[in-house]
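Here's the letter readout for the chains.
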Amino acid sequence: MREEEIETAIKVVVVGNGAVGKSSMIQRYCKGIFTKDYKKTIGVDFLERQIEVNGEEVRLMLWDTAGQEEFDAITKAYYRGAQACVLAFSTVDRDSFEAIDSWKKKVEDEVGEIGMVIIQNKIDLIDDAVVEPEEAEALAHRLRLRFYRTSVKDNLNVDEVFRYLTEKYLFQINCEVEEEPYNQPKITIGQGLLEAEMNNHVKDTNGKTKEKANGKLQKKKNRNRDDSDTIKLEPSKRRTRGKKSVLQATKCVIL
Ligand code: GDP
Ligand code: MG
């Protein structure tokens, strides 16, 4: 595969109590539809949408649950490998608001710290709201997360949520590359990783060692609980294409 063809793909999980509008949001974003009686799509793991951010094509895979959140039975497979997360509650459901902390914890217990955002959906029902605006803002402030009010019904702020998560993810991976030059001696290599990578050499298909075109390597740490003591080194080109993100010029801040 040529470098130009390598794309960035992001797994996004959408979590929150039942009926806050998670499935509707995924449908809206990926298919452009909203139905009042959305039937749970059993057997479908995720829907996809491709967007362009800072000149980079990114494929978003939005993972839905088949309603099993009601039974607290979301499997680890659902969270595994997630790189971004939407924490959703509903304007007209107090419990869903109070459950945000525990949803955040559940995700982080499985995948460590990833880009997250809090959304208050069904903002079109603001007249029946059971959460004060200040309470929602205080929660976002306490958890240090960006907060959006959305209406999947009126298609308000849905695109913005996913664009923000994508930008945040690209920003983070670019910062990781900047922070860890490929040949820093302090990096500990986990099992199964090639020592040759540290020396900026890779084996070609004939088994010969050759100089890598792009010496930068990327550190991926704690993305997955199972990998927590392994630092993976991968060529940065695997996820980033050609041009550097403009965001790279600024300081890395996670918010
Ligand atoms: P999930 O259980 O979190 O996946 O929730 P669903 O997507 O199944 O939505 C539950 C109900 O809320 C459905 O009847 C949706 O049509 C409705 N719903 C979703 N988003 C909105 C919204 O922004 N406004 C209003 N008024 N209803 C919504
Ligand atoms: Mg659903």
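Here, every reference points to the structure presented above.
These numbers come from a predicted model, not from an experiment. (Residues numbered from 1 in each chain as written. Chains lettered and ligands numbered in written order. Predicted model: local features only at pLDDT ≥ 70, side-chain atom pairs only at ≥ 80, totals over all residues. Heavy atoms only, no water.)

Peer 1: Describe the sheet that holds strand E3 (residues 56-63), with residues and values.
Peer 2: Across the sheet, which stays open at both edges, the 6 strands sit in the order E2-E3-E1-E4-E5-E6 with mixed pairing between neighbours. Each edge of the open sheet carries a strand with a single partner, namely strand E2 (46-53) and strand E6 (146-149). Looking at each pair of strands side by side, their axes are set apart by 25 degrees on average, direction ignored. Across 7 bridges, strand E4 (residues 84-90) lies against strand E5 (residues 115-121) in parallel orientation. Among the inter-strand pairings, Leu-87 is bridged to a residue of E5, identified as Ile-118. Docked against the sheet, helix H1 (residues 22-31) engages strand E1 (8-15), E2, E3, E4 and E5, running at close to 50 degrees with respect to E2. Most of the contacts of helix H5 (residues 133-143) go to E6, to which it runs at about 150 degrees, and overall it touches E4, E5 and E6. (Pairing = 2+ DSSP bridges. Helix = DSSP H or I, 4+ residues; strand = E, 2+ residues; numbered from the N terminus. Axes fitted to C-alpha atoms, helices over the stretch in contact; angles between N-to-C directions. Contact = heavy atoms within 4.5 Å.)

Peer 1: I'd like to hear about the pairing of E1, residue by residue, with values.
Peer 2: Of all the 8 residues making up E1, 7 are buried; the element is thus mostly covered by neighbouring parts of the structure. Here E1 pairs with E3 via 6 bridges, running parallel. Within E3, the position partnered with Lys-11 by the bridge is Met-61. Here E1 pairs with E4 via 4 bridges, running parallel. (Buried < 20%, exposed > 50% of the residue type's maximum accessible area, 1.4 Å probe, protein only.)

Peer 1: Tell me about the pairing of E3, residues and numbers included.
Peer 2: For E3, a buried count of 6 out of 8 residues is recorded, marking the element as mostly surrounded by other parts of the structure. In this structure, E2 lies alongside E3, joined through 8 bridges in antiparallel fashion. In the sheet register, Glu-48 faces E3, and the bridge partner there is Met-61. As consecutive antiparallel partners, E2 and E3 are separated by 2 residues, and within that stretch Asn-54 has a phi angle of approximately 50 degrees, a positive value.

Peer 1: I'd like a rundown of the packing of aromatic side chains, residues and numbers included.
Peer 2: Summed over the entire model, instances satisfying the criterion amount to 7 aromatic pairs. These aromatic residues form a ring-pair network of at least three members: Phe-46, Trp-63, Tyr-78 and Tyr-79. Directly above the aromatic system of Trp-63 lies the positively charged group of Lys-11, at a separation of 3.7 Å from the ring centroid. For Lys-106, the ring lying beneath its charged end belongs to Trp-103, and the centroid distance is 4.0 Å. (Phe/Tyr/Trp six-rings, centres within 6.5 Å; stacked < 30°, edge-to-face > 60°. Lys NZ or Arg CZ within 6 Å of the ring centre and 35° of its normal.)

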